[in-house]
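Fold and contact review
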Amino acid sequence: NEPGTTRDPVRADLERDGWSYHLVDTAGIRRRRAQHEAVEGLSTLKALQAMEKADVVCLLVDASEGITDQDARLAGHVVEAGRGLVVVFNKWDELGEKARTQILKDAADDLKFVSWAPVVILSALHGSGIGELLDAIQTVYRAACLGPSSGALSRTLSRAVEAHAPAVVQRFAPKLRYAHTGGNFPTRIVIHGNR
């Protein structure tokens, strides 16, 4: 419960309702100006590497501090890596009702670029919210694995091309014919056409 004491990622396996989870608890990532040791820099590197290998990342936010610039940067890193994201507010029990409302309002503003990510409230001290967290992880994982059909993607591609035709390059405009999924984590869509 002391900040800054986790150095190496701690791994654990968990099974719940027929789902297997491989959890990795990484060191917290502090602002650069607060880093004092080379060991902490290595811990940060290991945390970022674990994040890039994960299917779903739970961004644990200290509710008493709210969303910091560092939290927003980490959320952006998760999105750039193409990973699923769940925003988790811990230490919720330490806040009053007015502070809770303000934290959620501020989070909606500070993390509007990941407004699709579910938000889970929990208290590690009391163990509340763990079931909701695992449910949110399942939801995000299923959504990332649920690839739209080739037909649906191709229809969306056709509408996009009608609305915004590709630029003409050297007197030719590329013809985009159809699309299909190309993988998950990160989600890939493959578009076929000429040129």
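Everything below is about the structure printed above this text.
This write-up is about the structure you can find in this document. All of these numbers come straight from a predicted model, not from anything done at the bench. (Residues numbered from 1 in each chain as written. Predicted model: local features only at pLDDT ≥ 70, side-chain atom pairs only at ≥ 80, totals over all residues. Heavy atoms only, no water.)

Secondary structure assignment for the chain yields 5 helices and 7 strands. In sequence order, the secondary structure elements of the chain are arranged as β-β-α-β-α-β-α-β-α-α-β-β. Counting over 195 residues, the chain shows a buried share of 29%. A separation of at least 24 residues holds for 58% of the contacts in the chain among residues at least 6 apart in sequence. Of the accessible surface of the chain, which amounts to about 12800 Å², a share of 53% is contributed by carbon and sulfur atoms. (Helix = DSSP H or I, 4+ residues; strand = E, 2+ residues; numbered from the N terminus. Buried < 20%, exposed > 50% of the residue type's maximum accessible area, 1.4 Å probe, protein only. Contact = heavy atoms within 4.5 Å. Areas by Shrake-Rupley, 256 points an atom, 1.4 Å probe, with all protein chains shown as cover.)

This structure, assessed with the given rule, holds 2 aromatic pairs. A ring pair is formed by Trp19 and Tyr141, whose centres lie 6.0 Å apart and whose planes are at 85°; its orientation type is edge-to-face. Taken together, the residues Trp19 in strand E2 (residues 19–25) and Tyr141 in helix H4 (residues 130–145) connect sequence positions 122 residues apart. On the accessibility criterion, Trp19 (23% relative accessible area) is partly exposed. (Phe/Tyr/Trp six-rings, centres within 6.5 Å; stacked < 30°, edge-to-face > 60°.)

A word on the pattern of salt bridges. Applying the stated criterion to the full structure yields 3 salt bridges. For the salt bridge of Arg16 with Asp17, the shortest nitrogen-to-oxygen distance reads 3.9 Å. For Arg16, a relative accessible area of 24% puts it in the partly exposed group. The network of salt bridges with shared partners includes Arg16, Asp17 and Asp135. (Salt bridge = Lys/Arg side-chain N within 4 Å of Asp/Glu carboxyl O.)

Relative to E2, strand E1 (residues 10–16) runs antiparallel, the two sharing 7 bridges. Residue pairing across strands places Glu15 opposite Ser20, the latter belonging to E2. Taking the residues that link successive antiparallel strands as the turn, the E1-E2 hairpin has 2 residues, and the phi of Asp17 there is positive, at about 50°. (Pairing = 2+ DSSP bridges.)

The sheet contact formed by strand E6 (residues 176–183) and strand E7 (residues 188–193) spans 6 bridges and is antiparallel. Residue Gly183 lies in a different strand from E7, and its bridge partner there is Arg188.

Among the nonpolar cores identified, the biggest contains 22 residues, and Leu85, Val87, Phe89 and Leu111 are the most heavily contacted of them. Contributions of two or more residues to this core are made by helix H1 (38–53), strand E3 (56–62), helix H2 (69–80), strand E4 (84–90) and helix H3 (97–110). For this core, the element with the most residues is H2, which contributes 4 residues. With near-sequence residues (within four places) excluded, Val87 lies in contact with Leu59, Val61, Leu111, Ala117, Pro118, Val119 and Val120. If you look at the next biggest cluster of nonpolar residues, it comprises 11 residues, including Tyr21, Leu122, Leu134 and Ala136. (Core = buried A, V, L, I, M, F, W, Y, C linked by side-chain atoms within 4.5 Å.)

With that out of the way, let us pick up the environment of Ala165. Looking at where Ala165 falls in the secondary structure, it is placed in the loop between helix H5 (150–163) and E6. Residue classification places Ala165 among the exposed positions, given a relative accessible area of 60%. Each C-alpha atom, one on Ala165 and one on Lys175, is 9.2 Å from the other, the two residues being 10 residues apart in sequence.

Here we come to the sheet that holds E4. Read from one edge of the open sheet, 3 strands run E3-E4-E5, paired in parallel fashion. Whereas interior strands pair on both sides, the edge strands pair on one side only; in this sheet they are E3 and strand E5 (119–121). Mean inter-strand twist for the sheet, computed between neighbouring axes without regard to direction, equals 25°. (Axes fitted to C-alpha atoms, helices over the stretch in contact; angles between N-to-C directions.)

Turn by turn, an α-helix covers 3.6 residues, leaving residues three or four places apart pointing in a common direction. Helix length check: H2 (12 residues) gives 16 Å between terminal C-alpha atoms against 16 Å at 1.5 Å per residue, within 8%. Those residues of H2 that fall on the buried side of the exposure criterion are Gln70, Asp71, Ala72, Leu74, Ala75, Gly76 and Val78. Among the residues trailing H2, Gly82 stands out with phi positive, at a value near 75°. (Expected span 1.5 Å × (residues − 1).)

With that out of the way, let us pick up the side chain of Gln138. Mapped onto the fold, Gln138 is located in helix H4. Only 2.9 Å separates the side chain of Gln138 from the side chain of Tyr21, close enough to count as a polar contact. (Polar contact = N/O pair within 3.5 Å; in protein donor to acceptor, adjacent residues only side chain to side chain.)

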